[in-house]
Number of protein chains: 2
Amino acid sequence: MRTRPLKVALLGCGVVGSEVARIMTTHADDLTARIGAPVELAGVAVRRPDRVREGIDPALITTDATALVKRGDIDVVVEVIGGIEPARSLITTAFEHGASVVSANKALLAQDGAALHAAAGEHGKDLYYEAAVAGAIPLIRPLRESLAGDKINRVMGIVNGTTNFILDKMDSTGAGYQEALDEATALGYAEADPTADVEGFDAAAKAAILAGIAFHTRVRLDDVYREGMTEVTAADFASAKEMGCTIKLLAICERAADGASVTARVHPAMIPLSHPLASVRGAYNAVFVESDAAGQLMFYGPGAGGAPTASAVLGDLVAVCRNRIGGATGPGESAYAALPVSPMGDVVTRYHISLDVADKPGVLAQVATVFAEHGVSIDTVRQQGKDGEASLVVVTHRASDAALTGTVEALRKLDTVRGVASIMRVEGE
Amino acid sequence: MRTRPLKVALLGCGVVGSEVARIMTTHADDLTARIGAPVELAGVAVRRPDRVREGIDPALITTDATALVKRGDIDVVVEVIGGIEPARSLITTAFEHGASVVSANKALLAQDGAALHAAAGEHGKDLYYEAAVAGAIPLIRPLRESLAGDKINRVMGIVNGTTNFILDKMDSTGAGYQEALDEATALGYAEADPTADVEGFDAAAKAAILAGIAFHTRVRLDDVYREGMTEVTAADFASAKEMGCTIKLLAICERAADGASVTARVHPAMIPLSHPLASVRGAYNAVFVESDAAGQLMFYGPGAGGAPTASAVLGDLVAVCRNRIGGATGPGESAYAALPVSPMGDVVTRYHISLDVADKPGVLAQVATVFAEHGVSIDTVRQQGKDGEASLVVVTHRASDAALTGTVEALRKLDTVRGVASIMRVEGE
C-alpha cells in the first residue's frame with residue numbers, strides 16, 4: 001500500500017460538507033483500506049471562517065477557495081458549494097492544477113456539464129457527481145456503468161424530496177397545497193423560498209443530468225419542459241383516488257418510440273397506486289428505469305440531507321482516489337448518440353381533464369367532437385351534475401401534448417364549457 | 001479510438017449466453033462507442049454443438065472450452081455455464097492466459113470467490129460478477145463502489161424469484177405451498193427439481209456474496225444459515241395477515257450491534273406490509289440496504305431471466321473492456337475487515353410462535369414462565385379456544401436465536417403444549 005496520503009480540498013462546509021469532513025475523520029481507517037492509501041483533508045474553503053466547525057482543524061479553514069484549488073498538491077477537490085459561480089470557475093481551475101473533482105452540484109452539472117467534462121478530459125482528470133441526483137441513491141453509476149451494455153428507454157423518477165413530502169401530505173391528509181407547504185417548511189423539508197423545489201427547477205436539473213447519461217446525448221436544462229406543482233389541489237387528489245391513482249411530481253426522460261429522439265420533462269402526474277413509485281412516501285426519492293434487456297428497475301432512498309448526500313460524495317471520492325492511484329480515469333461524458341431533444345409537443349401520454357360545463361343535453365357530444373377533431377381518443381368520460389352546472393371528467397388514450405393543447409384551446413372556446421378545472425397527465429400505466 | 005477489437009469468449013450459450021451473444025450483435029455500435037473499441041465474439045463454447053443457434057456464426061462454436069480460454073488472444077471470458085466445475089478451472093485458466101472474466105456464477109463465487117479473486121489479482125486481471133446476484137439489478141457495483149465511503153449495517157433482500165413467485169401466489173390466493181409450486185413450475189418460474197430455490201441454497205449463495213462485499217469480510221457459503229420455505233403454510237399467511245404482515249424468503253446479512261461480527265442467513269420471515277420489500281410481487285427481486293450515512297436504500301428489478309441477466313453481464317463486459325483499454329483493473333476483493341461470522345444462535349430478532357395447547361386454566365402462565373426463564377420477553381399473546389384445545393400465538397420482543405431455540409425446546413416438554421405449529425421470524429420493523 002502506498003503511504004503518501006491523497007490530499008482532499010473541501011469547498012463548502014455546510015450541511016453536506018461538514019458531514020463529508022466528519023466521515024473522513026471517523027471512517028479514516030476504512031477509507032484507507034478501501035482506497036489503498038490514506039486520504040487527508042488538506043484544506044476547507046468556507047465563506048464564514050469564524051463559525052465553529054467541530055472536528056475540523058481550524059488551520060485548514062480558508063476563505064480563499066481559489067488559492068486552495070491552485071495549490072498544486074491537491075489530489076481531489078470536493079465541491080459542495082452549489083450554484084453556478086464561483087463553483088464553475090473553481091472546478092475548472094482545479095482541473096488545470098492537477099486535481100480531480102467530486103461535485104454534488106446539480107444546477108451546475110445540468111447547465112455546464114459538457115464544458116466541465118471537456119475540461120476534465122483535457123487534463124486527464126475525473127469528474128464524478130453521484131450526489132447531484134437523488135442524494136444517497138446510487139443512480140449515476142448504475143446508469144452509466146451497470147447498464148452500459150443495455151439500451152435505456154425511460155427514466156421516470158421522484159427526484160425532489162420537498163415536493164414529494166408536500167404531495168404525500170396532501171394525499172394522506174386531504175390538506176391543500178399551502179397547508180402542506182407550511183408543514184414542510186416548519187419541519188425543515190422546505191426552504192424559506194421554496195421556488196426551486198415547488199416550481200420544478202431542482203427536478204429539471206436532475207432530469208437533464210439523468211437524460212444525458214441514459215441516452216448518451218447532451219440534454220441541457222433548457223431542453224427540459226418544466227411545470228411546478230403549486231396548482232395541484234385537494235380536488236385533483238380526489239380525482240386521482242377515483243382513478244386508483246395518486247399524484248407525484250415526476251421527472252421523465254424518454255426515448256421516442258422510433259428511437260430517433262428523446263424528451264425530458266418535469267410535471268405533476270397521476271400514477272396508479274400499483275406502480276412502485278406511488279408508494280414512495282415523505283421526502284424519499286425513487287427512480288424507475290426501463291431498459292431493453294434489464295426490464296424495469298427501481299432505485300429508492302433518501303434524496304437529500306447531509307449524511308445521505310455525503311455518502312454519495314464519499315463513494316465518488318473513493319472511486320476517484322482509486323483511479324488516481326491506478327493512474328486511470330473513470331468513464332467521462334458519453335454523448336456519442338447525440339440524439340435530438342424533442343419539444344414537449346411531441347411527448348405522447350394520457351391525460352385526465354376536468355371541465356366545468358353547462359348541465360344541458362348535447363354538451364358531451366360537443367366536447368367529444370372537439371377531442372375527435374384533434375385526434376385525441378377518449379378512454380372514459382364521467383359526468384356529474386350539480387345545480388344547473390355539471391362537471392365532465394375525461395380520460396384520454398395516448399395522444400401528443402400538441403394535440404392535447406389544441407384540444408384544450410378549442411374546448412375553452414365552447415360556450416357550454418365554463419372552464420377547464422384541471423389537466424393532469426397520467427403516467428406509469 | 002482504438003480499432004483492434006476486443007475479443008470475447010463466451011462459455012455457455014443457454015438462456016443467458018444466447019442473449020449476451022444477441023445483444024453483442026444488435027447493439028454492436030453502441031458497445032463500440034461506450035467501450036471505445038469494437039468487441040468481437042471470438043468463440044462460443046457449448047456442450048451441444050449441433051443445436052441451431054440463431055445469429056451466431058457456426059464457425060465460432062466449439063465444444064473445447066479449455067482450448068478456447070487458452071487461445072491467448074482472448075481479452076474477456078464471459079462464463080455463463082454455472083455450477084462449480086468446469087467453470088472454476090476455466091476461469092482460472094482464463095486468468096493464466098491473459099483474459100479478464102465476467103461471470104454470472106453465484107454458486108462458484110459463493111464457494112470459491114476468495115481463490116478466484118486471488119487468481120485474478122495475481123495475473124492483474126478483472127473478475128466481475130454483477131449478474132451473480134439479483135439478475136439485472138445493479139447491486140454489486142453500488143455496494144462495492146457507490147457505498148465505498150459508507151458503513152453498511154444490513155443488507156436484506158428477496159434474491160430468489162422462484163420462491164417469491166410462490167409466496168406471492170400463496171399470499172394473494174390463499175393457495176398452499178404445493179399448489180403454488182405447481183403453478184410456478186407450469187409457468188416456467190420453477191425448475192423440474194426446485195430444491196436449489198425452495199430450500200434456499202440459491203439465496204444462500206447470494207447472501208454469502210452480498211455479505212462479503214457489504215462487510216469487507218470473507219463470508220463462505222457454509223457460514224450462511226439456511227432454512228427453506230417448503231414448510232410455510234396457508235395458516236402462516238393467515239397469521240401474518242393478522243399481524244399486518246406478509247411472508248417473504250429473505251436473505252439477511254447483518255453487522256452485530258457492537259460492530260465486531262457479522263451474520264448471514266436465509267429463511268422465511270414475516271415483514272410488515274408497510275415495508276418496501278412487502279410489495280415486491282411475482283418473480284421480482286429487491287434488496288434493502290441500511291448504512292450509516294446513506295440510510296435506507298432499495299434496489300428493485302427482475303432477478304432472473306435471459307435478457308435481464310445478460311444486461312448485467314454486458315454492463316460488466318463494458319467495464320472490463322474499458323479497464324483493459326485503460327490498462328487498469330477495477331476494484332478487486334475487499335476483505336480487509338475480516339470480521340468473524342457469528343453462528344445463527346447469535347442472531348437477534350423477533351419471533352411469531354403458534355402453539356397448540358390444552359384449553360384449561362394456567363396454560364398461559366406456564367408458557368409465559370418458560371419464555372421468561374429463557375430471557376425471551378413477550379410482546380403480545382393471542383389465545384383462541386376450539387373444542388377443548390386452544391391455540392396460543394406469541395410474538396416476542398427481540399431475542400437471540402439461541403434463547404428462542406431453548407425456549408421452544410422447553411415448551412415442547414410441557415404437558416399442556418400439544419405441539420408447536422409454527423415458528424416464524426419477524427423482520428423489517
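Residues numbered from 1 in each chain as written. Chains lettered and ligands numbered in written order. Predicted model: local features only at pLDDT ≥ 70, side-chain atom pairs only at ≥ 80, totals over all residues. Heavy atoms only, no water.

In the nomenclature of an unreviewed UniProt entry, chain A is known as Homoserine dehydrogenase of Streptomyces levis. Here is the UniProt Sequence similarities (unreviewed entry) comment for chain A, exactly as written: "Belongs to the homoserine dehydrogenase family." Under Function (unreviewed entry), UniProt gives the following word-for-word description of chain A: "Catalyzes the conversion of L-aspartate-beta-semialdehyde (L-Asa) to L-homoserine (L-Hse), the third step in the biosynthesis of threonine and methionine from aspartate." (UniProt positions renumbered as here; feature names shortened; annotations may be inferred.)

## Overview of the interface of chain A and chain B
In this complex, chain A contributes 43 residues to the contact, which on the side of chain B involves 43 residues. At the boundary of chain A with chain B, the tally comes to two salt bridges. With a closest N to O distance of 3.6 Å, Arg141 of chain B and Glu145 of chain A form a salt bridge. Summed over the shared surface of chain A and chain B, the number is 16 residue pairs in polar contact (both at pLDDT 80 or more). Every element with two or more residues in the side of chain A that touches chain B is listed here: helix H2 (28-35), helix H6 (140-146), strand E12 (295-302) and helix H12 (306-326) of chain A. Of the residues in the side of chain A that touches chain B, the class split is 25 nonpolar, eight polar and ten charged. Bridge count between E12 of chain A and strand E12 (residues 295-302) of chain B: three bridges; the pairing is antiparallel. When the sheet's bridge partners are listed, Met298 of chain A is paired in E12 of chain B with Tyr300 of chain B. (Contact = heavy atoms within 4.5 Å. Salt bridge = Lys/Arg side-chain N within 4 Å of Asp/Glu carboxyl O. Polar contact = N/O pair within 3.5 Å; in protein donor to acceptor, adjacent residues only side chain to side chain. Helix = DSSP H or I, 4+ residues; strand = E, 2+ residues; numbered from the N terminus. Nonpolar A, V, L, I, M, F, W, Y, C, P; charged D, E, K, R; others polar. Pairing = 2+ DSSP bridges.)

## Observations regarding the nonpolar core
Counting 160 residues, the largest nonpolar core has Val77, Ile166 and Ile209 of chain A together with Val77, Ile166 and Ile209 of chain B as its most contacted members. Residues in contact with Ile166 of chain A, not counting those within four places in the same chain, are Tyr177, Ala180, Leu181, Ala184, Val198 and Met229 of chain A. (Core = buried A, V, L, I, M, F, W, Y, C linked by side-chain atoms within 4.5 Å. Buried < 20%, exposed > 50% of the residue type's maximum accessible area, 1.4 Å probe, protein only.)

## Quick word on the environment of Asn160 of chain B
Residue and element names in this part refer to chain B. Mapped onto the secondary structure, Asn160 falls in the loop between strand E7 (152-158) and helix H7 (161-173). In sequence terms Asn160 and Ala307 are 147 residues apart; their C-alpha atoms lie 17 Å from each other. Discounting chain neighbours no more than four positions away, the residues touching Asn160 are Asp197, Asp202, Lys206 and Asn285. A distance of 2.9 Å separates a polar atom in the side chain of Asn160 from a polar atom in the side chain of Asp202.

## Remarks on the packing of helix H5 (residues 106-122) of chain B against helix H10 (residues 201-215) of chain B
Residue and element names in this part refer to chain B. Relative orientation of the contacting elements H5 and H10 amounts to 50°, with a least axis distance of 8 Å. Accordingly, the angle class assigned to the pair H5 and H10 is oblique. Once H5 is placed against H10, the crossing between them reads as left-handed. Residues Lys106, Ala107, Leu109 and Ala110 of H5 form the contact with H10, whose participating residues are Asp202, Ala205, Lys206, Ala208 and Ile209. The residue makeup of the contact of H5 with H10, split by class, is six nonpolar, no polar and three charged. (Axes fitted to C-alpha atoms, helices over the stretch in contact; angles between N-to-C directions. Parallel < 35°, antiparallel > 145°, perpendicular 65-115°, else oblique. Left-handed = near helix turned anticlockwise from the far one by under 90°.)

## Digging into the sheet that holds strand E5 (residues 100-103) of chain B
Residue and element names in this part refer to chain B. A sheet is described by the order of its strands in space; here six strands give the open sequence E3-E2-E1-E4-E5-E6, paired in parallel fashion. A strand with exactly one partner marks an edge of an open sheet, and here the two such strands are strand E3 (61-62) and strand E6 (127-128). Sheet topology places strand E4 (residues 76-79) next to E5; four bridges connect them, and they run parallel. Opposite Glu79, over in E5, you have Ser103 as the bridge partner.

## Let's talk about the relation of the copies chain A and chain B
Once chain A is rotated about the relating axis by 180° and shifted along it by 0.0 Å, it coincides with chain B to within an RMSD of 0.0 Å. The superposition operator between the copies reduces to a two-fold rotation axis. Looking at the rotation axis and the C-alpha trace of chain A, the residue lying nearest is Phe299 of chain A, at 2.4 Å. With an isologous cut-off of 70% or more, the 100% of interface residues of chain A that recur at the interface of chain B puts this contact in the isologous class. (Least-squares fit on C-alpha atoms with pLDDT ≥ 70 in both.)

## Some details on the packing of helix H13 (residues 363-373) of chain B against helix H14 (residues 401-413) of chain B
All names here are of chain B. Taken N-terminus to C-terminus, the directions of H13 and H14 make an angle of 150°; their axes are 9 Å apart at the nearest point. On the basis of their axis angle, the class for H13 and H14 is roughly antiparallel. Handedness of the H13/H14 crossing: right-handed. For the pair H13 and H14, the contacting residues are Val367, Val370 and Phe371 in the first and Thr407, Ala410 and Leu411 in the second. Grouping the constituent residues of the contact of H13 with H14 by class yields five nonpolar, one polar and no charged.

## Details of the sheet that holds strand E5 (residues 100-103) of chain A
Spatially, six strands are ordered E3-E2-E1-E4-E5-E6 (chain A) in an open sheet, and the strand pairing comes out parallel. For this open sheet the edge positions go to strand E3 (61-62) and strand E6 (127-128) of chain A, each flanked by a neighbour on one side alone.

## Observations concerning helix H1 (residues 15-26) of chain B
Across its twelve residues, H1 of chain B extends 17 Å between first and last C-alpha, which sits within 8% of the 16 Å expected from 1.5 Å per residue. Along H1 of chain B, the residues classified as buried are Val16, Gly17, Glu19, Val20, Ala21, Ile23 and Met24 of chain B. (Expected span 1.5 Å × (residues − 1).)

## Focus on the domain arrangement of chain A
Residues and elements named next belong to chain A. For chain A, the assigned domains read domain 1 (6-134 + 306-326), domain 2 (140-302) and domain 3 (344-426). Look at where the C-alpha atoms of domain 2 and domain 3 centre, and you get two points 25 Å apart. Between domain 2 and domain 3, the contact holds 13 residues from the first and eleven residues from the second. Interface area, domain 2 with domain 3, both sides summed: about 1,200 Å², of which 62% is carbon and sulfur. For domain 2, the biggest contributors to the area lost against domain 3 are Met243, Arg265 and Met270; these three give 38% of the whole. The tally of links from domain 2 across to domain 3 stands at two salt bridges. The residue Glu242 makes a salt bridge to Arg382 at a minimum N-O spacing of 2.3 Å. (Domains from an automatic or database assignment. Buried area = accessible area lost by both parts, 1.4 Å probe.)

## Thoughts on the side chain of Thr396 of chain B
Inspection of the secondary structure assignment puts Thr396 of chain B in strand E15 (residues 389-396). Thr396 of chain B has contacts with Arg350, Tyr351, Ile353, Phe371, Val376, Ser377, Ile378 and Asp379 of chain B, leaving out every residue within four places of it along the chain.

## Observations concerning the pattern of salt bridges
Once the charged atoms of two side chains with opposite charge are near each other, the side chains can pair. Residue and element names in this part refer to chain B. Here the structure, examined in full by the defined rule, presents 54 salt bridges over all chains. Note that Asp171 is salt-bridged to Lys241, the shortest N-O span being 3.3 Å. Of this pair, Asp171 sits in helix H7 while Lys241 sits in helix H11 (residues 234-242); the two residues are 70 residues apart in sequence, bridging distant segments of the chain. Given a relative accessible area of 15%, Asp171 falls into the buried group.

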